[in-house]
Amino acid sequence: MNNYVEDTIMQRVRYINERVANAKAEDLYYYNQPVTELRGGARVLVKGREMGMYASYSYLGLIGHPRINAAAKDAIDRFGTGTHGVRSLAGSLMIHDALEETIAEFKNAEAAITYSSGYVTNLTVVSTLLGRGDYVISDKLNHASIVDGCLMSGAKFLRFRHNDMEALEQRLQQVSSNATKLVIADSVFSMDGDVIDFPKMVELCNKYRAWLMIDEAHSVGVLGKTGRGIEEHFDMPGSIDFKMGTLSKTIPSVGGYVAGKKELIQYLRHASRAYIFSAAIPPAQAAAAQVAFDVILDEPWRVEKLNANSKQFIEGIKSRGFDTLYTETAIVPVVCGSDETAFLMTQRAQHKDVFVLPVVSPAVPPGLARLRATVTAAHEADEIEHAMNVIETAGREIGLLG
Ligand SMILES: *Cc1c(COP(=O)(O)O)cnc(C)c1O
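Because the structure is predicted, anything quoted here is derived from the model rather than measured.

(A) Representation of the overall build of the chain within the structure. The secondary structure content of the chain amounts to 15 helices and 14 strands. Relative to a compact globule of 402 residues, whose C-alpha radius of gyration would be 21 Å, the chain shows 22 Å and is just as compact. Residues classed as buried in the chain amount to 53% of the 402 residues present. Contacts spanning at least 24 positions in sequence make up 70% of the contacts within the chain whose residues lie at least 6 apart. For the chain, the exposed surface amounts to about 18600 Å²; the carbon and sulfur share of it is 52%. Across the chain, 41 positive and 48 negative side-chain charges occur, with their mean positions spaced 3 Å apart.

(B) Looking closely at the packing of helix 13 (residues 301-319) against helix 15 (residues 381-397). Packing of helix 13 against helix 15 brings their axes to within 10 Å, and their N-to-C directions diverge by 25°. The angle between helix 13 and helix 15 places the two elements in the roughly parallel class. Relative to helix 15, the crossing made by helix 13 is right-handed. Residue-level contacts link Asn-309, Gln-312, Phe-313, Gly-316 and Ile-317 of helix 13 to Ala-381, Ile-384, Glu-385, Met-388 and Ile-391 of helix 15.

(C) Structural context of the environment of Thr-376. Structurally, the position occupied by Thr-376 is in the loop between strand 14 (369-374) and helix 15. Put simply, Thr-376 and Glu-392 are 16 residues apart on the chain and 20 Å apart in space, counted from C-alpha to C-alpha. In contact with Thr-376, not counting residues within four places along its chain, are Gly-41, Ser-56, Ser-58, Tyr-59, Gly-61, Leu-306 and Asn-309.

(D) Molecular detail of the layout of surface pockets. Quantified by volume, the largest pocket comes out at close to 1100 Å³. For the largest pocket, the lining is made up of 27 residues, of which Tyr-30, Tyr-31, Phe-343, Pro-358 and Val-360 are closest to its centre. With five residues, helix 1 (residues 8-25) is the single largest residue contributor to the lining of the largest pocket. For the lining of the largest pocket, the class distribution of residues is 19 nonpolar, three polar and five charged. In this structure, the second largest pocket is lined by 17 residues; those nearest its centre are His-143, Ala-144, Ser-190, Met-191 and Ala-363. Split into classes, the residues belonging to the lining of the second largest pocket amount to nine nonpolar, four polar and four charged. Composition of the lining of the second largest pocket by domain shows at least three residues from each of domain 1 (21-53 + 300-397) and domain 2 (66-298).

(E) Looking closely at the side chain of Thr-83. Mapped onto the elements of the fold, Thr-83 is located in the loop between helix 2 (66-79) and helix 3 (87-90). Sequence-distant contacts of Thr-83, that is, excluding residues within four places in its chain, are made with Ala-90, Leu-93, His-96, Ala-279, Ala-280, Ile-281, Pro-282 and Pro-283.

(F) Quick peek at the sheet that holds strand 8 (residues 211-215). Pairing in this open sheet of seven strands is mixed, and the strands run 4-10-9-8-7-5-6 from one edge to the other. Here the strands that pair on one side only, and so sit at the sheet edges, are strand 4 (111-115) and strand 6 (156-160). The mean angle between the axes of side-by-side strands here comes to 20°, regardless of whether they run parallel or antiparallel. Where strand 5 (residues 135-139) lies against strand 7 (residues 181-186), four bridges are found, and the strand directions are parallel. Bridging across to strand 7, Ser-138 finds its partner in Ile-184. Strands in contact with helix 4 (residues 94-106) are strand 4 and strand 10 (256-260); relative to strand 4, the strand with the most contacts, it is inclined by about 125°.

(G) Main features of the packing of aromatic side chains. Throughout the structure, instances matching the rule amount to eight aromatic pairs. For the pair Tyr-115 and Tyr-275, a centre-to-centre distance of 6.2 Å together with 80° between the ring planes defines the contact as edge-to-face. Here Tyr-115 is found in strand 4, whereas its partner Tyr-275 is found in helix 11 (residues 273-276), with 160 residues between them in sequence. On the accessibility criterion, Tyr-275 (9% relative accessible area) is buried. Counting every residue linked through ring pairs, the aromatic cluster contains Phe-106, Tyr-257 and Phe-293. Sitting over the ring of Tyr-29, Lys-24 keeps its end group 4.9 Å from the ring centre. If you follow Arg-228 out to its NZ or CZ, it ends over the ring of Phe-106, 5.4 Å from the centre.

(H) Inspection of helix 6 (residues 144-153) at higher detail. Taken together, the buried positions of helix 6 are Ser-145, Ile-146, Gly-149, Cys-150 and Ser-153. The buried residues of helix 6 occupy an angular sector of 140° when the element is viewed end-on, so they sit on one face. Opposite the packed face of helix 6, turned more than 90 degrees from it, sit the exposed residues Leu-151 and Met-152. Turning to helix 6, the residues buried within the fold contact helix 5 (118-129), strand 5, strand 6, strand 7 and strand 8. Looking at the residues trailing helix 6, positive phi occurs at Gly-154, about 85°.

(I) The arrangement of the site of the ligand in detail. Close contacts around the ligand come from 15 residues, with Gly-118, Asp-215, His-218, Thr-246 and Lys-249 the closest. Backbone polar atom of Tyr-119 to an oxygen atom of the ligand: 2.8 Å apart, as the coordinates give it. Here an oxygen atom of the ligand and a side-chain polar atom of Thr-246 are 2.7 Å apart. Relative to its free-state accessible area of 390 Å², the ligand is covered by the protein chains to the extent of 86%. Broken down by element, the residue count for the shell around the ligand peaks at three residues, all from helix 5. Of the residues belonging to the shell around the ligand, the class tally is two nonpolar, 10 polar and three charged.

The rules we used
Residues numbered from 1 in each chain as written. Predicted model: local features only at pLDDT ≥ 70, side-chain atom pairs only at ≥ 80, totals over all residues. Heavy atoms only, no water. Helix = DSSP H or I, 4+ residues; strand = E, 2+ residues; numbered from the N terminus. Rg over C-alpha atoms; globule rule 2.2 N^0.38 Å. Buried < 20%, exposed > 50% of the residue type's maximum accessible area, 1.4 Å probe, protein only. Contact = heavy atoms within 4.5 Å. Areas by Shrake-Rupley, 256 points an atom, 1.4 Å probe, with all protein chains shown as cover. Lys, Arg positive; Asp, Glu negative; His and termini not counted. Charge placed at Lys NZ, Arg CZ, Asp CG, Glu CD. Axes fitted to C-alpha atoms, helices over the stretch in contact; angles between N-to-C directions. Parallel < 35°, antiparallel > 145°, perpendicular 65-115°, else oblique. Left-handed = near helix turned anticlockwise from the far one by under 90°. 1 Å grid on protein atoms, 1.4 Å probe; cavity = no way out; pocket = protein on both sides within 12 Å on 5 of 7 lines; lining within 4 Å. Points joined across faces, edges and corners; volume = space filled by probe spheres on them. Nonpolar A, V, L, I, M, F, W, Y, C, P; charged D, E, K, R; others polar. Domains from an automatic or database assignment. Pairing = 2+ DSSP bridges. Phe/Tyr/Trp six-rings, centres within 6.5 Å; stacked < 30°, edge-to-face > 60°. Lys NZ or Arg CZ within 6 Å of the ring centre and 35° of its normal. Arc of directions from axis to C-beta. Near = heavy atom within 4 Å. Polar contact = N/O pair within 3.5 Å; in protein donor to acceptor, adjacent residues only side chain to side chain.

If you want it as structure tokens, here you go:
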């Protein structure tokens, strides 16, 4: 038992604990807000108060969908709640094979493999594909799970300025032409809502013979006429080698996947450590995820409504005088500047029952603290208008708006 000498562990512990204590003392602590109930896609119960939900990742409002709930319950009746262990050693449930086939079909790919989370998917896939002597070239604003996968792989880790294709090309030119290289980026950036310059990125990967991996956590159900993602959005089928996604956002379950060519997926199934040494998605979650992909295709109005709601929200927030950076999607950053301003905006909004949450450094660059506000297909136009008015009032009261 360490008796708390003042070492580096204790310095780290103290630093975080002091920040938490200070925030709590000022009623500005918004970490892990206690949500006691989800009421449809658009409302939540927080500490006994019903609020409009503007911090959701469930872009199509599928949480609680009757067909998805029924599939999960049925799977529990048939398979119980666990999977015995890893698929290679304990047997693979049909339900997992069916889910992977559904994902492959939805993503217009030959095959797909699932893992227990999106985070683990990026970690294990990047580090299974690459090793020492290889190169990985990553957008500077890529998700933490990508960054961690790149570091873990041992490959040379090169980063380029966010969404800057000239900077990407410079990086590609730095690497010798016969070296193995993987270019990797989010399709839609999780904190900014902007879309990667996909056509140019694909062109550069072809020109410099780089593999391309795209993280579609925020584009499935969001981009493309039928919600299939970025290839559909730009009408460029077959452009991505590794189409990665999560089952925890638009898909109301938990897990992650990669879709691609059969031989690549087969390789991952036999070589990626998160597949070989970690249990599969529980039956209820696998069944829920599978049906959710069907629901997206069967209820196309959801993608259309999300698009309309996003447009209303972006235009409304902008016209009220806020900076929303370069968003084109349901993720709308309301830039506040300092961390304090972001906390104050959150406090004012929540006191008027609009549930938004702040994102501060180090998750975003210092000075670009923001509300990361989102709309979903579950919101109605008048609710969105009301939420925007609340945010506007908050902005005026604390002097963010003139
Ligand atoms: C949420 C997210 C992940 C991780 O997904 P989980 O399934 O929640 O682990 C990966 N990449 C991006 C871009 C994300 O936003």
